[in-house]
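# Examination of the molecular architecture
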Amino acid sequence: MSSSVRAVGAKGKRPLRVGATPVPHAEILDFVRDPLARSGIDLQIEIFDNFEEPNDHLVAGRLHANFFQYRPFLDHFNRRTGSALVAVAPVHIEPFGLYSVTIPDVDSIPEFAEVALPSDPVNVDRSLRMLDDLGLIACTRRGLATVADVAANPCRLIFKELASWTLGGVRTDFDVVFLFGNQAMEWGVDTRAALHCDRANPRYAEYLVARPDNHADAAVRALAEALHDASTRRFIETTYAGQVVPAF
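What you see is a predicted model; the values in this text were computed from it and never measured.

## Let's talk about the side chain of Asp198
Considering the arrangement of structural elements, one finds Asp198 in strand E12 (residues 196-198). Here the side chain of Asp198 touches Arg126 through a polar contact of 3.5 Å, side chain to side chain. Excluding anything up to four places from it in sequence, Asp198 contacts Glu94, Pro95, Phe96, Arg126, Met130 and Tyr204.

## Thoughts on unusual backbone geometry
Glycine aside, residues mostly have negative phi, and peptide bonds are mostly found in the trans state. The omega torsion across Val23 and Pro24 is 0°, close enough to zero to call that bond cis. Phi is positive for Arg156, close to 50°, though the residue is something other than glycine. With respect to the helices, strands and loops of the structure, Arg156 is situated in the loop between strand E9 (150-152) and strand E10 (158-162). In this model, Ala241 sits at a positive phi of 45°, which is unusual for a non-glycine residue. Looking at the secondary structure, you find Ala241 in the loop between helix H8 (230-240) and strand E14 (245-246).

## Looking at the nonpolar core
In terms of nonpolar packing, the biggest core is built from 31 residues, with Leu29 and Leu223 touching the most fellow members. Secondary structure elements with two or more residues in this core: strand E2 (14-20), helix H1 (22-31), strand E3 (41-48), strand E4 (65-70), strand E5 (86-93), strand E13 (205-210), helix H7 (218-227) and H8. Here Leu29 is in contact with Val18, Ala20, Leu43, Ile45, Phe67, Leu223 and Leu227, once residues within four sequence places are set aside. One finds Ala113, Val122, Ile137 and Phe159 within the second-largest nonpolar core, a separate group that totals 30 residues.

## Things to note about the domain arrangement of the protein chain
If you check the domain split of the protein chain, you get domain 1 (14-94 + 202-246) and domain 2 (96-198). For domain 1 and domain 2, the distance between their C-alpha centroids amounts to 26 Å. Of the residues lining the interface, 18 residues belong to domain 1; the matching set on domain 2 comes to 18 residues. Together, the buried faces of domain 1 and domain 2 total about 1500 Å²; carbon and sulfur atoms form 62% of this surface. For domain 1, the biggest contributors to the area lost against domain 2 are Phe51, Glu94 and Gln243; these three give 35% of the whole. At the boundary of domain 1 and domain 2, one finds zero salt bridges. Contributions of two or more residues to the side of domain 1 that touches domain 2 are made by H1 and helix H4 (71-81). With four residues, the single largest contributor to the side of domain 1 that touches domain 2 is H1. Classifying every residue of the side of domain 1 that touches domain 2 gives ten nonpolar, five polar and three charged.

## Brief notes about the packing of H4 against helix H5 (residues 121-133)
Axis separation between H4 and H5 bottoms out at 9 Å; the angle between their running directions is 140°. Taken together, the axis directions place H4 and H5 in an arrangement best described as oblique. Where H4 approaches H5, its residues Pro72, Phe73 and His76 are matched on the opposing element by Pro121, Val122 and Asn123.

## So, the packing of aromatic side chains
Counted under the stated rule, the structure contains nine aromatic pairs. Centre to centre, the rings of Phe51 and Phe180 are 5.6 Å apart; their planes meet at 85°, and the pair counts as edge-to-face. In this pair, Phe51 is assigned in the loop between E3 and helix H3 (53-59) and Phe180 in strand E11 (residues 176-180), connecting sequence segments 129 residues apart. In this structure, Phe51 and Phe180 share a single accessibility class: buried. The rings of Phe51, Phe68, Phe73, Phe96, Phe178 and Phe180 are connected pair by pair, giving a single aromatic cluster.

Conventions we followed
Residues numbered from 1 in each chain as written. Predicted model: local features only at pLDDT ≥ 70, side-chain atom pairs only at ≥ 80, totals over all residues. Heavy atoms only, no water. Helix = DSSP H or I, 4+ residues; strand = E, 2+ residues; numbered from the N terminus. Polar contact = N/O pair within 3.5 Å; in protein donor to acceptor, adjacent residues only side chain to side chain. Contact = heavy atoms within 4.5 Å. Core = buried A, V, L, I, M, F, W, Y, C linked by side-chain atoms within 4.5 Å. Buried < 20%, exposed > 50% of the residue type's maximum accessible area, 1.4 Å probe, protein only. Domains from an automatic or database assignment. Buried area = accessible area lost by both parts, 1.4 Å probe. Salt bridge = Lys/Arg side-chain N within 4 Å of Asp/Glu carboxyl O. Nonpolar A, V, L, I, M, F, W, Y, C, P; charged D, E, K, R; others polar. Axes fitted to C-alpha atoms, helices over the stretch in contact; angles between N-to-C directions. Parallel < 35°, antiparallel > 145°, perpendicular 65-115°, else oblique. Phe/Tyr/Trp six-rings, centres within 6.5 Å; stacked < 30°, edge-to-face > 60°.

Given below as structure tokens:
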């Protein structure tokens with residue numbers, strides 16, 4: 001469910017309504033609000049706490065753009081729904097990692113460990129591929145991997161798929177939990193504490209996304225340019241101290 005809209009409410013300015021998840025997406029958008037206002041654009045940020053609604057709202061025309069997802073997620077959404085949302089500009093890359101409050105390292109993961117992973121198909125695939133790369137499982141790779149594609153599981157890991165936005169709150173309920181970088185930051189978890197972390201992988205750059213009918217509009221392009229400004233790069237580098245890195 002979405003929360004309140006952050007808006008300037010400036011009279012006479014052109015509204016630009018953008019959906020975003022809270023950290024770091026909405027914070028980065030907040031940073032470029034003033035430059036856009038000077039260009040006559042009232043940036044209105046609608047905050048979402050899940051990964052389902054922002055694309056639906058964009059397709060329905062309730063948003064002009066959104067900023068919360070990487071290309072594999074967007075591409076899967078477009079294929080699944082028959083939509084044609086457009087990746088306008090990459091902005092940043094977040095780490096994706098494997099965390100535990102009780103296990104000190106990957107080699108210490110015990111038999112029958114309970115593993116919580118995000119339930120959407122793209123991130124199930126990403127999680128299983130990481131476990132495969134670590135040698136914890138062997139996974140058949142035909143398109144997006146599912147738990148049913150796990151061909152070998154020597155540690156007899158027990159997988160539980162959960163809604164992505166709930167993972168940060170269940171870290172004490174599972175032996176191992178996958179967390180996105182934004183979730184780790186929201187829950188005060190240092191990504192350097194991960195058992196294993198995928199960092200700065202350009203495949204998972206987070207994009208500003210718009211519709212095919214408006215991705216070239218002046219306001220959307222102005223937002224893309226502001227997000228790619230050198231000052232925005234410095235903001236990302238300074239504010240997130242390497243936990244989030246620029247993708248431009």
